[in-house]
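Residue strings, one per chain:
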There are 2 protein chains.
Amino acid sequence: MKRKIRVIIWGLGSMGSGIAKMILSKKGFTIVGAIDMDPGKIGKKLYEVLDTDANEDNNCIVVKDADEVIKPQFADICMIATASFTKIVFPFIKRAAEAGMNVITTAEEMSYPKALNPELSEEMDRIAKENRVSILGTGVNPGFIMDLIVIALTGVCDKVDSLNVTRVNDLACFGKSVMEEQGIGLRPEEFREGVKNNKVAGHVGFLQSFGMFEEAFNVKFSDVRQEKWPIVTKVKRSTDTVSVNPGDVAGCRQLGFADLGDREFIRMEHPQQIRPELENVETGDYINIKGYPDINLRIKPEIPGGIATIAICVNMIPLIMNSTPGLKTMLDLPVPRAIIGDVRNLVKDISN
Amino acid sequence: MKRKIRVIIWGLGSMGSGIAKMILSKKGFTIVGAIDMDPGKIGKKLYEVLDTDANEDNNCIVVKDADEVIKPQFADICMIATASFTKIVFPFIKRAAEAGMNVITTAEEMSYPKALNPELSEEMDRIAKENRVSILGTGVNPGFIMDLIVIALTGVCDKVDSLNVTRVNDLACFGKSVMEEQGIGLRPEEFREGVKNNKVAGHVGFLQSFGMFEEAFNVKFSDVRQEKWPIVTKVKRSTDTVSVNPGDVAGCRQLGFADLGDREFIRMEHPQQIRPELENVETGDYINIKGYPDINLRIKPEIPGGIATIAICVNMIPLIMNSTPGLKTMLDLPVPRAIIGDVRNLVKDISN
């Protein structure tokens with residue numbers, strides 16, 4: 001029997017913990033390291049932090065100092081789930097790659113880092129190749145439903161005139177930081193102010209999705225722009241972490257546009273809010289391709305954000321381990337797929 | 001400027017002609033050879049057969065003897081659209097690959113040739129590698145909507161319990177050979193007899209799709225079976241090529257099942273008929289994943305068969321030219337995508 005795939009989890013927030021749990025539920029993985037900054041987690045065994053029973057695959061100690069586990073050849077893959085932005089995760093990625101580990105990160109900007117950080121992207125590609133590892137950013141969005149799947153569907157089109165992509169989702173299950181990023185609970189004028197001064201980040205991903213489209217189609221958009229509008233609720237909406245009164249902001253309706261020449265080629269719409277059902281808004285993913293042929297896709301309800309991002313990060317592990325070295329995007333790799341059996345059988349070479 | 005991508009079209013039926021037309025509508029392609037057996041086409045210029053205006057990219061003469069164009073390094077890619085079965089297209093593929101050409105074929109069995117012809121598949125892989133070319137079978141189904149897209153969707157799943165895939169389509173636009181393959185126009189007892197003696201072929205593809213699922217998930221199905229049932233019409237249904245009376249067969253409802261252990265894991269349903277709207281049957285593609293999360297996808301109307309197969313064959317050209325040598329399936333390659341600009345910019349190396 002081959003040895004197990006050794007994983008390090010860097011960041012034990014909701015994404016990182018979810019990734020750890022999913023990995024531990026599959027055959028053929030072992031978690032050899034976990035890194036977090038939370039004093040409530042540091043020094044504990046991973047299984048305690050995850051609130052599961054102990055076994056040989058989950059009993060590493062959560063450390064604060066990455067040097068304790070980011071050591072040469074200590075793991076096959078490092079999963080980084082600490083932040084959304086390339087600049088912030090870059091030093092972590094660099095350290096893991098230089099220690100000979102493949103890297104997968106949930107950082108939204110890393111799904112297409114060339115969009116905003118072409119120089120860092122070149123550096124990551126170089127580091128990955130020098131160390132013969134692969135680096136990938138992925139997630140449900142960006143990375144899958146508003147870009148990769150849209151691009152794949154154009155593969156059965158002779159002609160593509162325009163793309164209209166909508167994702168209506170429910171944020172009720174998320175925690176406080178997501179509510180703040182989306183401006184939920186603010187008064188409408190505070191929301192508008194927050195958009196101006198970047199306190200309301202909204203969805204991080206349209207620019208990365210647009211970058212993927214540009215590369216897939218080998219085009220250069222003549223203009224790309226985004227808008228963020230408050231979703232003002234007419235009824236009281238509450239979750240475990242936030243309560244919003246009528247007239248206040250229950251979400252962020254984000255729009256993105258990409259023009260090709262003098263016409264609009266892509267329109268993205270992504271209203272993210274808590275408890276949309278209270279105003280009879282149905283969640284779903286919608287892709288409309290105008291071209292030859294037209295394609296109208298609907299996924300209802302929407303692919304749920306949290307678990308889908310966790311799953312795609314884990315499911316890409318064999319594909320990134322089998323990949324040629326370098327900085328990769330979802331455009332470079334074969335399609336994702338669920339891990340059903342022992343993950344070791346999906347990995348071509350497991351060095352000892 | 002790089003030179004144009006040189007294509008040979010082998011088979012000028014509805015698929016091959018459609019592929020030729022689509023290729024000629026894109027920038028950066030030139031068709032350098034066309035092969036057909038139809039005396040009405042042999043000796044004519046390709047543009048005459050396609051009924052378009054002449055230019056430098058479509059003025060080759062349609063030949064009967066493949067030797068006239070399947071010559072070393074005469075083309076970059078050979079598109080083979082002559083038959084559905086691996087055994088039948090194998091000699092064509094071998095000749096083209098040995099002449100240094102990449103190959104894409106519409107032959108349904110070639111979308112996953114290992115399912116029925118493992119030895120021929122090994123031989124094709126060897127020939128491809130020896131000649132440093134790539135070979136791919138693809139189409140809308142098998143090759144895309146009932147397999148590749150389903151597999152890609154499982155990529156955002158932590159757990160997959162079962163897959164239910166349905167494609168309800170309209171065959172009205174197809175010609176006489178398709179009507180015969182599907183048993184359209186027969187009496188129900190003739191249809192049942194035709195299924196027994198293989199005169200009613202139905203859809204060729206479930207076994208190939210199942211093979212793709214087995215490889216993607218690295219599982220071995222404990223049982224795989226198919227059923228073909230007549231769609232008996234209650235009303236008169238007519239197309240340009242066939243007219244069916246009430247009580248007779250207007251289509252073939254094909255079912256496919258794949259078991260994992262002692263439970264059903266995949267259920268495929270593919271009713272193909274003419275003019276389903278006359279009995280209020282709505283066409284569409286439906287994918288239901290039971291697992292965590294559940295995913296319910298609908299594409300309505302269905303992705304149309306003819307143009308979608310033509311498009312995916314053409315759109316895969318840059319991906320197959322950029323691929324490592326060997327026999328490939330859609331599981332091995334990055335996702336398909338429409339060709340929007342000049343195809344030459346999508347191909348990494350164009351040798352001279």
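Per an unreviewed UniProt entry, chain A goes by 2,4-diaminopentanoate dehydrogenase and derives from Clostridium moutaii.

## A word on the overall build of chain A
Scanning chain A from terminus to terminus reveals ten helices and 15 strands. Since a compact globule built from 352 residues should have a radius of gyration of about 20 Å, the 21 Å found for chain A is in line with a globular shape. Each of the 352 residues in chain A was classed as buried or not, and the buried ones make up 59%. Expressed as a percentage of contacts within chain A between residues at least 6 apart in sequence, the contacts between residues at least 24 apart total 72%. With an accessible surface of roughly 14,100 Å², chain A has 48% of that area assigned to carbon and sulfur atoms. Computed over 43 positive and 47 negative side-chain charges, the separation of the two mean positions in chain A equals 2 Å.

## Some words on empty space enclosed by the protein
One pass over the structure, following the stated rule, counts one cavity of 30 Å³ or more. Of the voids in this model, the largest cavity is the one considered here, and its volume is about 40 Å³. As for the largest cavity, its lining consists of A:L148, A:I149, A:A152, A:V335, B:L148, B:I149, B:A152, B:V335 and B:P336. For the lining of the largest cavity, the secondary-structure elements that each account for two or more residues are α5 (148–154) of chain A together with α5 (148–154) of chain B. Grouping the constituent residues of the lining of the largest cavity by class yields nine nonpolar, no polar and no charged.

## Focus on the packing of helix α3 (residues 86–98) of chain B against helix α4 (residues 118–130) of chain B
All names here are of chain B. At a closest axis distance of 10 Å, the pairing of α3 and α4 adopts a crossing angle of 10°. With respect to each other, α3 and α4 are oriented roughly parallel. Residues T86, K87, F90, I93, K94, A97 and E98 of α3 form the contact with α4, whose participating residues are L120, E123, M124 and I127. Split by residue class, the contact of α3 with α4 holds six nonpolar, one polar and four charged.

## Comments concerning the relation of the copies chain A and chain B
One copy of the chain maps onto the second through a rotation around an axis plus a translation along that axis. Laying chain A over chain B is done by rotating through 180° and shifting 0.0 Å along the axis; what remains is an RMSD of 0.0 Å. Accordingly, the operation relating the two chain copies is best matched by a two-fold axis. Taking C-alpha positions as the reference, the residue of chain A nearest the rotation axis is A:P334, at 2.2 Å. Same-surface contact between copies: 100% of interface residues of chain A are shared with the interface of chain B.

## Examining the state of the cysteines
In protein structure, a disulfide is the covalent linkage between the sulfur atoms of two cysteines. In this structure the tally under the stated criterion is zero disulfides over all chains. No disulfide involves A:C173; its sulfur sits 16 Å from the nearest other cysteine sulfur, which is in A:C313. Here B:C78 stays unpaired: no disulfide links it, and the sulfur of B:C60, its closest cysteine neighbor, is 12 Å away. The class of B:C78 is buried, set by a relative accessible area of 0%.

## What to know about the pattern of salt bridges
Overall, the coordinates contain 46 salt bridges over all chains when judged by the stated rule. The shortest N-O distance in the salt bridge between B:D67 and B:R95 comes to 2.6 Å. Of this pair, B:D67 sits in the loop between β3 (62–63) and β4 (77–80) while B:R95 is found in helix α3, placing the two residues 28 residues apart along the sequence. Accessibility expressed as a relative area gives 47% for B:D67, which makes it partly exposed. Salt bridges linked by common partners bring A:R3, A:R6 and A:D76 together as one network.

## With respect to the UniProt feature "domain: 2,4-diaminopentanoate dehydrogenase C-terminal" (unreviewed entry) in chain A
Feature annotation in UniProt assigns "domain: 2,4-diaminopentanoate dehydrogenase C-terminal" (unreviewed entry) to the following positions: residues 144–348 of chain A. As a span, residues 144–348 of chain A carries 25% helix and 32% strand, and end to end its C-alpha atoms are 25 Å apart.

## Notes on the sheet that holds strand β5 (residues 102–105) of chain A
Backbone-to-backbone hydrogen bonds join strands into a sheet, with any given pair of strands oriented parallel or antiparallel. Residue and element names in this part refer to chain A. Taken in spatial order, the seven strands make up an open sheet running β3-β2-β1-β4-β5-β6-β15, and their pairing is parallel. Edge positions in the open sheet fall to β3 (62–63) and β15 (326–328), since each of these has one partner strand only. Across two bridges, the pairing between strand β2 (residues 29–35) and β3 is parallel. Note that in β3 the partner of A34 across the bridge is V62. Together, β1 (5–10), β2 and β4 (77–80) form the strand contacts of helix α1 (residues 14–25), whose direction differs from that of β1 by roughly 165°.

## Let's talk about the sheet that holds strand β7 (residues 159–170) of chain B
Strand order in the open sheet formed by twelve strands is β8(A)-β11(A)-β12(A)-β7(A)-β13(A)-β14(A)-β14(B)-β13(B)-β7(B)-β12(B)-β11(B)-β8(B), and the pairing between neighbours is mixed. On the outer flanks of this sheet lie β8 (223–232) of chain A together with β8 (223–232) of chain B, each paired with one strand and no other. Strand-to-strand twist of the sheet, defined as the mean angle between neighbouring strand axes without regard to direction, takes the value 10°. With nine bridges connecting them, β7(B) and strand β13 (residues 284–292) of chain B associate as antiparallel partners. Bridge pairing links B:K159 to B:Y292 in β13(B). Packing against the sheet, helix α8 (residues 206–217) of chain B makes contact with β7, β8, β11 (249–260) and β12 (263–273) of chain B, and its axis sits at approximately 145° to β12(B).

Conventions used here
- Residues numbered from 1 in each chain as written.
- Chains lettered and ligands numbered in written order.
- Predicted model: local features only at pLDDT ≥ 70, side-chain atom pairs only at ≥ 80, totals over all residues.
- Heavy atoms only, no water.
- Helix = DSSP H or I, 4+ residues; strand = E, 2+ residues; numbered from the N terminus.
- Rg over C-alpha atoms; globule rule 2.2 N^0.38 Å.
- Buried < 20%, exposed > 50% of the residue type's maximum accessible area, 1.4 Å probe, protein only.
- Contact = heavy atoms within 4.5 Å.
- Areas by Shrake-Rupley, 256 points an atom, 1.4 Å probe, with all protein chains shown as cover.
- Lys, Arg positive; Asp, Glu negative; His and termini not counted.
- Charge placed at Lys NZ, Arg CZ, Asp CG, Glu CD.
- 1 Å grid on protein atoms, 1.4 Å probe; cavity = no way out; pocket = protein on both sides within 12 Å on 5 of 7 lines; lining within 4 Å.
- Points joined across faces, edges and corners; volume = space filled by probe spheres on them.
- Nonpolar A, V, L, I, M, F, W, Y, C, P; charged D, E, K, R; others polar.
- Axes fitted to C-alpha atoms, helices over the stretch in contact; angles between N-to-C directions.
- Parallel < 35°, antiparallel > 145°, perpendicular 65-115°, else oblique.
- Least-squares fit on C-alpha atoms with pLDDT ≥ 70 in both.
- Disulfide = S-S within 2.5 Å.
- Salt bridge = Lys/Arg side-chain N within 4 Å of Asp/Glu carboxyl O.
- UniProt positions renumbered as here; feature names shortened; annotations may be inferred.
- Pairing = 2+ DSSP bridges.

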